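Structural overview
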Amino acid sequence: MALLEVNNLCRSFGGLRAVNNVSFRVNTGTIKAVIGPNGAGKTTLFNLIAGALKPDGGSILFNGRSIYGLPPFRVAAAGISRTFQNIKLFGNMTVAENIMVGRHTRSGSGFAASMLSLPRTRREEREIAERAAELARLFGIEDVLDAGAASLDFGRQRAVEFARALASEPQLLLLDEPAAGLNIYETNELAKRIVRIRDMGITILLIEHDMSLVMDISDEIAVLSYGEKIAEGPPCNVRNNPQVIAVYLGGDVAQD
Amino acid sequence: MKRFVAIGALAAAVIALHLLFAAAGAEYLLVQLTMAAYYALVVIGLCLLMGYAGQISLGHAAFFALGGYTAAVLSTNSFTQLMGAPALERLVHWGLVTAGTDAYGAAAHQVPVWLSLPLAVAAAAAVALVIGIPVLKLKGHYLAMATLGFGTILYRIFLGTRLFGEADGISSVRPCALLPGLTIGGDTALRTQNYYFAWALVLLAMVLSLNIVSSRAGRALRSIHGSEEAAAAMGVNTARYKLYVFILSAVFAAVGGFFMTHFNGGIGPAEAGIMKSVRYVAIVAVGGMANLWGSLLIGVLLNFLSLRGIFGSYDDAVFGALLVFIMALAPDGILRREFLHRIMRVRIRWPFSK
Ligand SMILES: Nc1ncnc2c1ncn2[C@@H]1O[C@H](COP(=O)(O)OP(=O)(O)OP(=O)(O)O)[C@@H](O)[C@H]1O
Ligand SMILES: [Mg+2]
């Protein structure tokens, strides 16, 4: 069954058609990759799904319900979480607090309840902290829980962002180039982690330039070029698709 | 737990200062400490808004003045001129207005505090709501400019309206009897109870604010400061949280202005002025932005000194200079370890360095 169904999605910037009539589906419990040369419209596609950008046309169904044009916080509440291509951590907060913000949609104490520190607020607070610590262990960052998020190295910042995105226990996780800036060892760890998260039942939509990573872990791949989908299918098919090869021979990604 | 210790320490310090001034025969200093406490309410709210949520307001004095003018209009005869005698009689009949006499024995009317205080709070909240919805969509310099504009508008309204006493402001505001044995007013006999009442309000505001910042709502506010885009992606309704904290800070300021006006027996347009707004911003910056205790401490200290007239006619210049100093040398405030270290190192190295 399709968890996410995108039909004829469009978005232009001025005259530039960044996403042009793109349709695809993501099936529940799978890892789907979106690849394509720089500027192909991959991040724009993510922003449209996540609500960070308003689409010009098309439709987006999540669990059969339209999330087209919803503001990002509503998309998050519907069960979609994401990471960013250029890491966006809360630099003014600790690692633990960053992950705890990820629990926002899974907790309910509002402004007034927080202000009065009601018993149920305090109970919820403990649960949030425990869950954040658990996630930090999963990502091997439990030793820096109290460190400022901005003080960490790149690899760990990506780990924090990943943990924060997972904290909401999303049904669908959007990862925008999670391996960018990671070394080979970290990339291998990441691959295992993504597969483990898929096995936990979380569906993953992944943008990635690292072809060996994509080919290894993806169940399906969609290829974008100049805003249009030019190919889609399992890794073995996409790898041998002449159109894809043509696009990548001109691109700088082929060497990766 | 740490929170309760700190709050307890503040309560102890309030009592200790009273005893100290009483022993030194300097109880008149409680007057300035009372006023500093009311200003501190503005500072606490602005600290939440600016320090934690990262939304600057260069118009916050207007909310203080709004609370103050509401108190003044509703407890002098100025509002009775607005309506005819029959309407007034009906209000008296319903208990919404109490009839009495003023200091000279003339007939006078006053709205009771159980109604005037909620009205002041509602006025501030309503203005914050109406201003906040469009303005909080703006960021950085644009938000600063827009709030500056808003503050200027209210200032000019207070300055130019008959009801608000124009340039003279409103004086002979009557004391307000809050509870049996607790009257907010400037009488020497009321000095001690007013001091404790003002500081009880500060303690309450601190408890509420500390609760917020160490909870889900506080994390949401700080995440907006860190990255609005990421906050929204994590499910934070950023527009609503910004509006809530803007309204809360406006209400804190209005409550401060309300009681300050009864305590002082009047209010003038300068309370709404841009220099006052800049002063509050400077205090929060010096206090360390996202630092409620720092802002409170610095706010009380500087306002107390200012009210004692220490800065003379350079009062506003001192706060302006502080703002420049803090932005250039210690953008995280002066109560930070790094800044104190830096000062120490400068002193030690000075004679040896070229
Ligand atoms: N906010 C924006 N305003 C204007 N143009 C934009 C905006 N965002 C993206 N674009 C343009 O849209 C096109 C697609 O950009 P996008 O970031 O989606 O590409 P991408 O596939 O993610 O590339 P990369 O691999 O470099 O991350 C690019 O030409 C880009 O310059
Ligand atoms: Mg991109």
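Here, the structure is the one placed above.
Keep in mind it's a predicted model, so treat the numbers as computed, not measured. (Residues numbered from 1 in each chain as written. Chains lettered and ligands numbered in written order. Predicted model: local features only at pLDDT ≥ 70, side-chain atom pairs only at ≥ 80, totals over all residues. Heavy atoms only, no water.)

**Some points on the packing of helix 3 (residues 60-74) of chain B against helix 11 (residues 274-286) of chain B**
All names here are of chain B. For the pair helix 3 and helix 11, interaxial distance at closest approach is 7 Å and the crossing angle is 115°. The orientation of helix 3 with respect to helix 11, classified from their angle, is roughly perpendicular. Counting all contacts with helix 3, which are made through H60, A61 and F64, the residues of helix 11 involved are K276, S277 and Y280. (Axes fitted to C-alpha atoms, helices over the stretch in contact; angles between N-to-C directions. Helix = DSSP H or I, 4+ residues; strand = E, 2+ residues; numbered from the N terminus. Parallel < 35°, antiparallel > 145°, perpendicular 65-115°, else oblique. Contact = heavy atoms within 4.5 Å.)

**Considering the nonpolar core**
Within soluble globular proteins, side chains that are nonpolar tend to cluster in buried spots. Residues and elements named next belong to chain B. Grouped together as the largest cluster of nonpolar side chains are 121 residues, with contacts concentrated most on Y38, W199, V202 and L292. Considering each element in turn, this core owes the most residues, 19 residues, to helix 2 (residues 29-52). If we ignore the near neighbours within four places in the chain, the residues touching L292 are I44, C47, L48, Y52, M206, S209, L210 and V213. (Core = buried A, V, L, I, M, F, W, Y, C linked by side-chain atoms within 4.5 Å. Buried < 20%, exposed > 50% of the residue type's maximum accessible area, 1.4 Å probe, protein only.)

**Observations concerning the coordination of the magnesium ion (ligand 2)**
Only T43 of chain A (OG1) and Q85 of chain A (OE1) from the protein reach the magnesium ion (ligand 2) as donors, at distances of 1.9 to 2.0 Å. Of this pair, T43 of chain A sits in helix 1 (residues 42-50) while Q85 of chain A sits in the loop between strand 6 (80-82) and helix 3 (95-101), and the two are 42 residues apart along the sequence. (Donors = N, O, S within 2.8 Å, 3.2 Å for Na, K, Ca; no water.)

**A word on the sheet that holds strand 4 (residues 57-62) of chain A**
Residues and elements named next belong to chain A. If you walk across this open sheet you meet the four strands as 2-1-4-5, and the pairing is antiparallel. Strand pairing shows two members of the sheet lacking a second neighbour, strand 2 (16-27) and strand 5 (65-66), which therefore form its edges. Pairing of strand 1 (residues 2-13) with strand 4, which is carried by five bridges, proceeds in the antiparallel orientation. Residue L4 lies in a different strand from strand 4, and its bridge partner there is F62. The sheet contacts of helix 1 involve strand 1, strand 2 and strand 4, and relative to strand 1 the element is tilted by about 115°. (Pairing = 2+ DSSP bridges.)

**Description of the sheet that holds strand 10 (residues 228-233) of chain A**
All names here are of chain A. Strand order in this open sheet of six strands is 6-7-8-3-9-10, and the pairing throughout is mixed. In this open sheet, the two strands that pair with only one neighbour each are strand 6 and strand 10. When the angles between neighbouring strand axes are averaged without regard to direction, this sheet yields 20°. Both strand 9 (residues 220-225) and strand 10 contribute to a ladder of five bridges, which runs antiparallel. The residue of strand 10 that forms the bridge with A222 is E232. In the packing of helix 7 (residues 184-199) onto the sheet, contacts are made with strand 3 (31-35), strand 7 (172-176) and strand 8 (203-207), and the angle to strand 8 comes to roughly 150°.

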